[in-house]
Amino acid sequence: MLQAIQSWRVRHPDLYEFIMFNILANIATITNFLVLLLGNTLLFRAFAQIPFSWGPFAYGVDNGGLCGFLSFLLSYGCAQTVNFIVQRKAVFHANNKLGPAIVVYIIAVLVVYFICLYVPTLIVAPLSKIVGGLAPYVANCVNILIQVLTLYPTMKFFVMKKS
């Protein structure tokens with residue numbers, strides 16, 4: 001069985017890498033959901049009734065208020081830190097210079113970060129009418145899909161180059 005998997009891996013290295021990227025990204029996903037739960041229920045709960053607006057980020061009380069903004073912000077930051085470490089070591093086996101790789105990764109993560117901070121302002125309130133209190137977590141799933149579709153090619157072609 002292991003020999004068959006190894007043979008398939010050799011024949012399909014890019015597909016194997018993408019599968020491993022997604023499997024190991026679950027470590028970051030678990031981190032993301034745990035920190036989001038911690039933020040929403042403990043760390044920032046007192047701020048749920050305080051509307052927050054900054055530029056396009058309008059987190060009214062129906063979108064979780066300042067609690068929602070801070071929880072999404074913290075959960076994303078923690079997850080991307082974990083993701084960088086896991087993907088660099090276990091998927092891409094990158095051996096390029098860490099400094100430039102981190103700079104490019106941070107730029108990519110910041111672009112995706114602002115997108116993922118904006119998405120909940122659009123979908124949490126309408127989703128709340130359908131799924132109730134699960135709306136922030138459904139929005140988080142949408143954000144994770146956006147992250148995978150954006151960060152995998154960025155990491156593969158720009159961040160995790162092999163020397």
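Predicted model only: the values in this text are computed from it and were never measured.

Peer 1: What is the right way to read the packing of aromatic side chains from this model?
Peer 2: The geometry of two aromatic rings is summed up by the distance between their centres and the angle between their planes. Enumeration according to the criterion identifies 14 aromatic pairs in this entry. Aromatic pair Phe 57 and Phe 114: ring centres 5.7 Å apart, planes at 25 degrees, arrangement stacked. With Phe 57 in strand S2 (residues 57-59) and Phe 114 in helix H4 (residues 98-131), the pair connects residues that are 57 residues apart, well separated along the chain. Look at Phe 114 and you get partly exposed, because its relative accessible area is 39%.

Peer 1: Please clarify how the side chain of Asn 32 should be interpreted in this entry.
Peer 2: Along the polypeptide, Asn 32 turns up in helix H2 (residues 13-43). Of the residues examined, Asn 32 reaches a relative accessible area of 1% and is grouped as buried. There is a polar contact of 2.7 Å between the side chain of Asn 32 and the side chain of Asn 140. Those residues in contact with Asn 32 that lie beyond four places of it in its chain are Ser 75, Tyr 76, Ala 79, Asn 140 and Gln 147.

Peer 1: Quick question: what am I supposed to make of the environment of Phe 52 here?
Peer 2: The topology assignment puts Phe 52 in strand S1 (residues 52-54). Along the backbone, Phe 52 and Ile 146 are 94 residues apart, and their C-alpha atoms lie at a distance of 23 Å. Setting aside chain neighbours within four positions, we find Phe 52 in contact with Phe 57, Ala 58, Tyr 59, Gly 60, Gly 65, Leu 66 and Phe 69.

Peer 1: How should the packing of H2 against helix H5 (residues 135-159) be read in this particular structure?
Peer 2: Between two packed helices, the angle of one axis relative to the other and the distance separating the axes together describe the packing. For the pair H2 and H5, the least separation of the axes is 10 Å and the interaxial angle reads 140 degrees. Looking at the two axes, H2 sits oblique to H5. Crossing angle aside, the handedness with which H2 passes H5 is right-handed. Along its contact with H2, which presents Asp 14, Glu 17, Phe 18, Phe 21, Asn 22, Thr 29, Asn 32, Phe 33, Leu 36, Leu 37 and Asn 40, the element H5 presents Pro 136, Tyr 137, Asn 140, Cys 141, Ile 144, Gln 147, Val 148, Leu 151, Tyr 152, Met 155 and Lys 156. Here the contact of H2 with H5 is composed, by residue class, of 13 nonpolar, six polar and three charged.

Calculation notes
Residues numbered from 1 in each chain as written. Predicted model: local features only at pLDDT ≥ 70, side-chain atom pairs only at ≥ 80, totals over all residues. Heavy atoms only, no water. Phe/Tyr/Trp six-rings, centres within 6.5 Å; stacked < 30°, edge-to-face > 60°. Helix = DSSP H or I, 4+ residues; strand = E, 2+ residues; numbered from the N terminus. Buried < 20%, exposed > 50% of the residue type's maximum accessible area, 1.4 Å probe, protein only. Polar contact = N/O pair within 3.5 Å; in protein donor to acceptor, adjacent residues only side chain to side chain. Contact = heavy atoms within 4.5 Å. Axes fitted to C-alpha atoms, helices over the stretch in contact; angles between N-to-C directions. Parallel < 35°, antiparallel > 145°, perpendicular 65-115°, else oblique. Left-handed = near helix turned anticlockwise from the far one by under 90°. Nonpolar A, V, L, I, M, F, W, Y, C, P; charged D, E, K, R; others polar.

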